[in-house]
Amino acid sequence: MKITMNRTDKQLTASIEGSIDTVTSPDLEKQLTESWDDITDLILDFSKVDYISSAGLRFMITASRHMEDVDGQMTIRHVNDDVKEVFDMTGFDQLLNIE
Amino acid sequence: MLIEIKHLAKSFGGIPVLKDVCAVIEKGEIISIIGPSGTGKSTFLRCLNLLEYPDSGEIIVENRNVLASNTDIPKLRMKMGMVFQQFNLFPHLTTVENITLAPRRLLKKSAAEAKEQAMTLLETVGLSGKANSLPQELSGGQQQRVAIARTLAMNPEIILFDEPTSALDPTMVNEVLSVIRNLAKTGITMLIVTHEMRFARDLSTRVFYMDEGIVYEEGPAKELFDHPSRPKTRAFLRRIDMLNFVLNREEFDLYHFRGQVETFAEKQLMEAKPRKMLHLVLEELIENILFPHTETFTLEIGISEETKSTEICAKWSGDMTNPLQSIDEQGDMARTILAKRCSPIVFGVNELSQAELKLNLPGAVSRGQNGP
């Protein structure tokens, strides 16, 4: 998994590439939590995410809660059909802001 | 009939490899020979063109017994080309020289004529740009394609393939199978010893399953694969459709495991979407359900012949409670994913007093689709 981050003022866009799974989600968590101080608009670009498991979903919830705590928002963008299916089957499509 | 084999027997050092092989092969047939290792498949092929001399029996090719003392063995071998597992190209000769050598020496073709034919054959196997390459400059798949062209250069009536893809890197298997597939369209008679079951199923007119030193079962490919009638054939076909693991929490490497499942899924011609779902179900089951519950377990992944779905079975000793009924946050989402995608899910204790969790993941494989 590869993460490219782009910060402008209080907005952080993280473009993620590859799989978000048991092995990679701790790294995603580490990189994002180290970068999101003062951020109130977190955008996760999923256009190159080809796989997500519950380990990745758990962090999505953690990240979303953090943004709520700081009165900010988190948006997941460009989700492909396979990944969307996982969001749908776990009900995360209702909990997260997915565009 | 092109070839009739009657009661063929061959031993090595007193150990019988072929006991009583009987078979009839018609002109234009494509016969795949499958079976466990050590059951004489390659020996059978090598006996047909007398690379091994049988102890007893008869091999009748076009009404002539090739085991008769007056058989012209070089002529027989011209009729029956052979492609070996290890290519057997001359390392110091270029591709085109490897192909033209036998036609020039044995068929007495002129250099120009042999070269012209070699270039045509190289085009057939997709290697016209490699005419002047040495074998070491070619990949394994390319070398095997040259070996096939070399065999074709002798205009054989029958081609014997002895595990033509076994020595190849998996990425090169398809290019060789594709050449053999194209050859099949020409109507040439072929006998192929292979472990590529999808290929055997899709291409062959008939399949011989060899075991116990005989052709234990034979029949049209679809019939033999879908409805094997004898117990050893059924057991063999079930085994090749199954992956087995012993997984340990401390040593588990998800990506290594996923690679093995991926190779299995590719062999089963599983499409991308069900393959991803299989990876997801397995990751959830292993990381979030089983490892929190037990340190080690066995895992079988198989494709059901009846339902074409993926069957997953985990077994362990120790804690006999159902891990799907545990209450823990980590497992919640995994349980949801498994419940949404797998049906039925059955937990129980088997006759060996092991806990056993069986999951059925539907829609894995569409049988009968075209091969790789």
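Structure first, text after, so check above.
Residues numbered from 1 in each chain as written. Chains lettered and ligands numbered in written order. Predicted model: local features only at pLDDT ≥ 70, side-chain atom pairs only at ≥ 80, totals over all residues. Heavy atoms only, no water.

A.B. asks: Would you explain the overall build of chain A in this entry?
C.D. replies: Along chain A, the regular secondary structure elements total 4 helices and 4 strands. Among the 99 residues that make up chain A, the fraction classed as buried is 47%. Intrachain contacts of chain A at a sequence separation of at least 6 include 66% that bridge at least 24 residues. Total accessible area computed for chain A in this model is approximately 4,800 Å², and 41% of it derives from carbon and sulfur atoms. (Helix = DSSP H or I, 4+ residues; strand = E, 2+ residues; numbered from the N terminus. Buried < 20%, exposed > 50% of the residue type's maximum accessible area, 1.4 Å probe, protein only. Contact = heavy atoms within 4.5 Å. Areas by Shrake-Rupley, 256 points an atom, 1.4 Å probe, with all protein chains shown as cover.)

A.B. asks: Can you help me understand the environment of Gly348(B) in this one?
C.D. replies: Residues and elements named next belong to chain B. Along the polypeptide, Gly348 turns up in strand S14 (residues 345-349). When its relative accessible area of 25% is taken as the criterion, Gly348 is described as partly exposed. Spatially, the C-alpha atom of Gly348 lies 7.9 Å from that of Asn322, the residues being 26 residues apart in sequence. Residues contacting Gly348, with those up to four places away along its chain left out, are Gln354, Ala355 and Glu356.

A.B. asks: Help me out: how do you make sense of the layout of surface pockets in this one?
C.D. replies: The gaps left among the atoms become clear once a water-sized probe is rolled over them. All names here are of chain B. Computed from the structure, the largest pocket encloses a volume of approximately 790 Å³. Every residue lining the largest pocket is counted, 28 residues in all, and those nearest its centre are Glu196, Thr263, Phe264, Glu266 and Lys267. Of all the elements in the fold, those that place two or more residues in the lining of the largest pocket are helix H6 (170-184), helix H7 (197-203), helix H9 (231-240), strand S11 (242-248) and helix H10 (254-267). Here the lining of the largest pocket gets 6 residues from one element, more than from any other, and that element is H10. In terms of residue class, the lining of the largest pocket is built from 12 nonpolar, 9 polar and 7 charged. Quantified by volume, the second largest pocket comes out at close to 580 Å³. Contributing to the lining of the second largest pocket are 20 residues, with Arg77, Ala102, Leu106, Arg150 and Met154 lying nearest its centre. Of all the secondary-structure elements, those providing two or more residues to the lining of the second largest pocket are helix H2 (73-79), strand S6 (80-83), helix H3 (95-105) and helix H5 (140-152). Residue contributions to the lining of the second largest pocket peak at 4 residues, all from H3. By residue class, the composition of the lining of the second largest pocket is 12 nonpolar, 5 polar and 3 charged. (1 Å grid on protein atoms, 1.4 Å probe; cavity = no way out; pocket = protein on both sides within 12 Å on 5 of 7 lines; lining within 4 Å. Points joined across faces, edges and corners; volume = space filled by probe spheres on them. Nonpolar A, V, L, I, M, F, W, Y, C, P; charged D, E, K, R; others polar.)

A.B. asks: When you look at the pairing of S14(B) in this model, what are you seeing that I'm missing?
C.D. replies: In summary, the side chains of a regular strand alternate between the two faces of the sheet. All names here are of chain B. Summarising the sheet, S14 and strand S15 (residues 355-361) pair through 5 bridges and their orientation is antiparallel. Bridging from a neighbouring strand, Gly348 pairs with Glu356 of S15. In this structure, the hairpin formed by S14 and S15 is closed by a connection of 5 residues, where Ser353 is found at a positive phi of approximately 60 degrees. (Pairing = 2+ DSSP bridges.)

A.B. asks: Can you help me understand the interface of chain A and chain B in this one?
C.D. replies: The figure often quoted for interface size is the accessible area lost as the parts come together. At the interface, 18 residues of chain A touch 19 residues of chain B. Carbon and sulfur atoms supply 56% of the area that chain A and chain B bury against each other, a total of about 1,600 Å² over both sides. At the junction of chain A and chain B, the tally comes to 5 salt bridges. A salt bridge links Asp82(A) to Lys276(B); the nearest nitrogen and oxygen atoms lie 3.1 Å apart. Taken together, chain A and chain B are joined by 14 residue pairs in polar contact (both at pLDDT 80 or more). Looking at the side of chain A that touches chain B, the elements that each hand over two or more residues are strand S3 (41-52), helix H2 (54-69) and helix H3 (81-90) of chain A. It is H3(A) that contributes the most residues to the side of chain A that touches chain B, 5 residues altogether. Its residues placed into classes, the side of chain A that touches chain B shows 7 nonpolar, 6 polar and 5 charged. (Buried area = accessible area lost by both parts, 1.4 Å probe. Salt bridge = Lys/Arg side-chain N within 4 Å of Asp/Glu carboxyl O. Polar contact = N/O pair within 3.5 Å; in protein donor to acceptor, adjacent residues only side chain to side chain.)

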